[in-house]
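Take a look at the letters that make up each chain.
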Amino acid sequence: MASATGPDADSERRNVSDAVGVAVLGACAAWSLITAAMHDGRPEGVLLAVLAVSAGYASGRISGALVPVAAPCAGALAGLGLALAEPRLAPGPQFVAPLGHAGATAALLTLAVGSACCAAWAAPAQALRLALRLLAAGITVTALVLGSVSGFVTCTAVLLCSFAAGRMQHRGLGVVGLGLAAALVTGATWAIARNVLPDGLTESLEGQLSPHRVQLWQDALHMAHQDSALGVGPGRFGELSGAAAEALLPDGKPHSAPFQMAAEQGIVGVLLLAAAFCWVLHALWRTTRSTPIALTAGAALTGLAVIASVGNALSFTTVTAGAGFLAGLATAHPITDDASRTSPDARVRGDRFAP
């Protein structure tokens, strides 16, 4: 009975997660069009991000089903290459740290480490698994060589979470922990912008983030309070922010995805952004892939969420497409799993990994 009903249950899980994803991404695109029409905004950036996530997710699902080890390995190498070339590939004026492409570099390296660790967990041979873990460690060291401190921290966190995931038998607690970590960082940025933390802690954090970035967040909060329902319209933050205009090389971004959504698309935009992240965590919780793969991908995507909370990493198409690709890899259904189920001596695979 288990072998007869297992495939149907797996298909139902994937169908539910896919339907939720289509609804959330569709709502994000539709809301950006609505707010743009109400305030003469420019929704192209949001629409491009939604398209990149969708295309990356579909590519990850397909390649992860066909070549479950080679696909994440190729993704890790591609992420590393893009991170090294990001200052030359990014459109528009280039910036030095802490703003500009620094967040995109950290995000790409984080996603690359997550992909390499997922490939290691999927590899059947111990030697190949060790080589892929060495690749992940090498990418982490590369972040330090490039001077990306935030990238080094998040890459190290992904490595540690990946090793810890191998000892977890139930992924639900890990998924909840990842969600709480992202919520904690987002709440901390709001507390800094509202200046509700103790003076000493606020000054220390502002020194790490830069006063200019905090001023951008405060402008975003002011815009959100002016029109909490619709915001000021997509792409209009740079026009209305005094702090953005004072920058030496203004890019029109508040350098925080939650603050940008709050300022330009109101509270509904923030809720849709949170819904998109929750959908990814839900899909990872429901996936039939092993718990180490699911939680490793979740750790990398949570690291991206942390970086996006204090930077403009999601403004880069390479980052959003990479995030979708990693999520697709971790929720793919390898064809080899179907073959193992049809073999005469097949056993129920990894029940302890299932949610």
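Nothing here was measured: the structure is a model prediction, and the numbers come from that model. (Residues numbered from 1 in each chain as written. Predicted model: local features only at pLDDT ≥ 70, side-chain atom pairs only at ≥ 80, totals over all residues. Heavy atoms only, no water.)

Asks: I tried to follow the nonpolar core on my own but got confused; where do I start?
Replies: If you look at soluble globular proteins, the nonpolar side chains tend to sit buried side by side. Ranked by internal contacts, the top residues of the largest apolar core, which has 56 residues, are Val113, Ile139, Leu301 and Val319. Looking at which element gives the most residues to this core, the answer is helix 4 (residues 102-122), with 14 residues. What Leu301 contacts, discounting residues up to four positions off in sequence, is Leu111, Phe277, Val280, Leu284, Ala323, Leu326 and Ala327. Counting residues in hydrophobic clusters, the runner-up holds 15 residues, among them Ile192, Ala193, Met223 and Ala243. (Core = buried A, V, L, I, M, F, W, Y, C linked by side-chain atoms within 4.5 Å. Buried < 20%, exposed > 50% of the residue type's maximum accessible area, 1.4 Å probe, protein only. Helix = DSSP H or I, 4+ residues; strand = E, 2+ residues; numbered from the N terminus. Contact = heavy atoms within 4.5 Å.)

Asks: Honestly, unusual backbone geometry in this entry has me stumped. Any pointers?
Replies: Working note: non-glycine residues mostly have negative phi, and peptide bonds are mostly trans. Backbone geometry places Asn195, a non-glycine residue, at a positive phi of 55°. Among the secondary structure elements, Asn195 is positioned in the loop between helix 7 (171-194) and helix 8 (199-209). For Asn195, a relative accessible area of 46% translates into the label partly exposed. For Ser210, which is not glycine, the phi torsion reads 90° and is therefore positive. With respect to the helices, strands and loops of the structure, Ser210 is situated in the loop between helix 8 and helix 9 (211-226).

Asks: Explain the environment of His39 to me, please; I cannot follow it from the model alone.
Replies: Take His39: it is sitting in helix 1 (residues 2-39). On the basis of relative accessible area, His39 is assigned to the partly exposed category, the value being 23%. As a C-alpha pair, His39 and Pro234 span 195 residues in sequence and 8.3 Å in three-dimensional space. In this structure, His39 is in contact with Asp227, Leu230, Gly231, Val232, Gly233 and Arg236, ignoring residues within four places of it in sequence.

Asks: Teacher, can you tell me more about the packing of aromatic side chains here?
Replies: Where two aromatic rings form a pair, the distance of their centres and the angle of their planes describe that pair. In this structure the tally under the stated criterion is 2 aromatic pairs. Both rings, one in Trp217 and one in Phe259, keep their centres 5.3 Å apart while their planes meet at 25°; by these two values the pair is stacked. In this pair, Trp217 sits in helix 9 while Phe259 sits in helix 12 (residues 257-286), placing the two residues 42 residues apart along the sequence. Judged on exposure class, the residue Trp217 and its partner Phe259 are both buried. (Phe/Tyr/Trp six-rings, centres within 6.5 Å; stacked < 30°, edge-to-face > 60°.)

Asks: Just to check I follow, could you spell out the packing of helix 4 against helix 5 (residues 126-145) for this structure?
Replies: At a minimum axis separation of 8 Å, helix 4 and helix 5 run at an interaxial angle of 170°. The angle between helix 4 and helix 5 places the two elements in the roughly antiparallel class. Taking contact as the criterion, the partners of Leu109, Ala112, Val113, Ala116, Cys117, Ala119, Ala120 and Trp121 in helix 4 are, on helix 5, Arg129, Leu132, Arg133, Leu135, Ala136, Ile139, Thr140 and Ala143. Tallied by class, the residues present in the contact of helix 4 with helix 5 amount to 13 nonpolar, 1 polar and 2 charged. (Axes fitted to C-alpha atoms, helices over the stretch in contact; angles between N-to-C directions. Parallel < 35°, antiparallel > 145°, perpendicular 65-115°, else oblique. Nonpolar A, V, L, I, M, F, W, Y, C, P; charged D, E, K, R; others polar.)

Asks: What's the story with helix 13 (residues 291-309) in this structure? I'm lost.
Replies: Because the α-helix completes a turn every 3.6 residues, residues three or four places apart line up on one side. Taking 1.5 Å of rise per residue, 19 residues should cover 27 Å, and helix 13 covers 26 Å from first to last C-alpha, within 8% of that figure. With 17 of its 19 residues buried, helix 13 lies for the most part within the structure. (Expected span 1.5 Å × (residues − 1).)

Asks: Looking at this model, I keep getting lost on the pattern of salt bridges. Mind explaining?
Replies: Pairing is possible between side chains that carry opposite charge, provided their charged atoms lie close to one another. With the rule as written, the count across this model stands at 3 salt bridges. A salt bridge links Arg42 to Glu239; the nearest nitrogen and oxygen atoms lie 2.8 Å apart. Here the residue Arg42 occupies a position in the loop between helix 1 and helix 2 (44-66), and Glu239 occupies one in helix 10 (residues 237-240), the gap between them amounting to 197 residues. The salt bridge involving Arg236 is made with Glu239; its shortest N-O contact spans 3.4 Å. Residues joined by salt bridges that share partners form a network here, namely Arg42, Arg236 and Glu239. (Salt bridge = Lys/Arg side-chain N within 4 Å of Asp/Glu carboxyl O.)

Asks: What am I meant to see in helix 9 here?
Replies: Here helix 9 contains 16 residues, and its C-alpha end-to-end distance of 23 Å stays within 8% of the 22 Å for a straight helix at 1.5 Å per residue. Those residues of helix 9 lying buried are Arg213, Val214, Leu216, Trp217, Ala220, Leu221, Met223 and Ala224.

Asks: Would you explain a nonpolar patch on the surface in this entry?
Replies: Together, Ile62, Leu66, Val67 and Ile335 make up an exposed nonpolar region whose accessible area comes to about 380 Å². Along the polypeptide, Ile62 turns up in helix 2. (Patch = residues over 30% accessible without salt bridge, like charges linked within 9 Å, V, L, I, M, F, W, Y side chains within 5 Å. Areas by Shrake-Rupley, 256 points an atom, 1.4 Å probe, with all protein chains shown as cover.)

Asks: What exactly am I supposed to notice about the packing of helix 13 against helix 14 (residues 317-331) here?
Replies: Each packed pair of helices is defined by two parameters, the angle between the axes and the distance between the axes. Running from N to C, helix 13 and helix 14 cross one another at 165°; their axes reach a closest spacing of 9 Å. Comparing their axes, helix 14 and helix 13 come out roughly antiparallel. With respect to the hand of their crossing, helix 13 and helix 14 are arranged in left-handed fashion. Contacts from Ile293, Ala297, Ala300, Leu301 and Leu304 in helix 13 reach Val319, Ala323, Leu326, Ala327 and Ala330 in helix 14. The residue inventory of the contact of helix 13 with helix 14, partitioned by class, reads 10 nonpolar, no polar and no charged. (Left-handed = near helix turned anticlockwise from the far one by under 90°.)

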